[in-house]
Amino acid sequence: MPLEEGVMGLLIAGFVVVMGITILVTVLLWVKNKNNSMGYISTLLHLLLVSFAVNFALKAIAFDYNHAMASEEISFQVGIAGVIWALSMICLAIALFSFSKERKEGVS
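Residues numbered from 1 in each chain as written. Predicted model: local features only at pLDDT ≥ 70, side-chain atom pairs only at ≥ 80, totals over all residues. Heavy atoms only, no water.

Caption draft 1: Spotlight on the environment of Ala 57. In this structure, Ala 57 sits in helix α2 (residues 37-62). A relative accessible area of 30% places Ala 57 in the partly exposed class. For Ala 57 and Phe 76, which are 19 residues apart along the polypeptide, the C-alpha to C-alpha distance reads 10.0 Å. (Helix = DSSP H or I, 4+ residues; strand = E, 2+ residues; numbered from the N terminus. Buried < 20%, exposed > 50% of the residue type's maximum accessible area, 1.4 Å probe, protein only.)

Now the structure itself:
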């Protein structure tokens, strides 16, 4: 897909900054609250998998559409991004259940 000059660099830089801050906050919270490791591990795994999914999605966006097999390659990259994204959402659900379970045990 044709983009203006520099847009891909801005997308990548913006994503890396936001994801880096999010991972740093997650690690700092994990160090502060060491009692729920499963929740934090699942959250970090979610963030890493989302990063991989975004990588494949950006490859699909930046792929040379004049290539002979462009449609197939772009579809393949989007498919891989979707599968990895689905796995990341499973990790997020595990983290949410883990944090919810921890909260309920602490309240009781």
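Caption draft 2: Spatial organisation of the environment of Leu 48. Secondary-structure assignment places Leu 48 in helix α2. Spatially, the C-alpha atom of Leu 48 lies 10.0 Å from that of Ile 84, the residues being 36 residues apart in sequence.

Caption draft 3: Representation of the nonpolar core within the structure. With six residues, the main nonpolar core is built from Leu 49, Ala 53, Phe 56, Ala 81, Ile 84 and Cys 91. Contributions of two or more residues to this core are made by α2 and α3 (70-107). In this view, Ile 84 contacts Leu 49, Phe 52, Ala 53 and Phe 56; residues no more than four positions away in its chain are not counted. (Core = buried A, V, L, I, M, F, W, Y, C linked by side-chain atoms within 4.5 Å. Contact = heavy atoms within 4.5 Å.)

Caption draft 4: The arrangement of the side chain of Asn 36 in detail. Checked against the element boundaries, Asn 36 lands in the loop between α1 (7-32) and α2. Judged by its relative accessible area of 6%, Asn 36 is buried. Here Ser 98 takes part through its side chain, which lies 2.9 Å from a polar atom of the side chain of Asn 36. (Polar contact = N/O pair within 3.5 Å; in protein donor to acceptor, adjacent residues only side chain to side chain.)

Caption draft 5: Main features of the side chain of Thr 43. Counting through the fold element by element, Thr 43 comes out in helix α2. When sequence neighbours within four positions are dropped, the list of residues in contact with Thr 43 reads Thr 26, Ala 95 and Phe 99.

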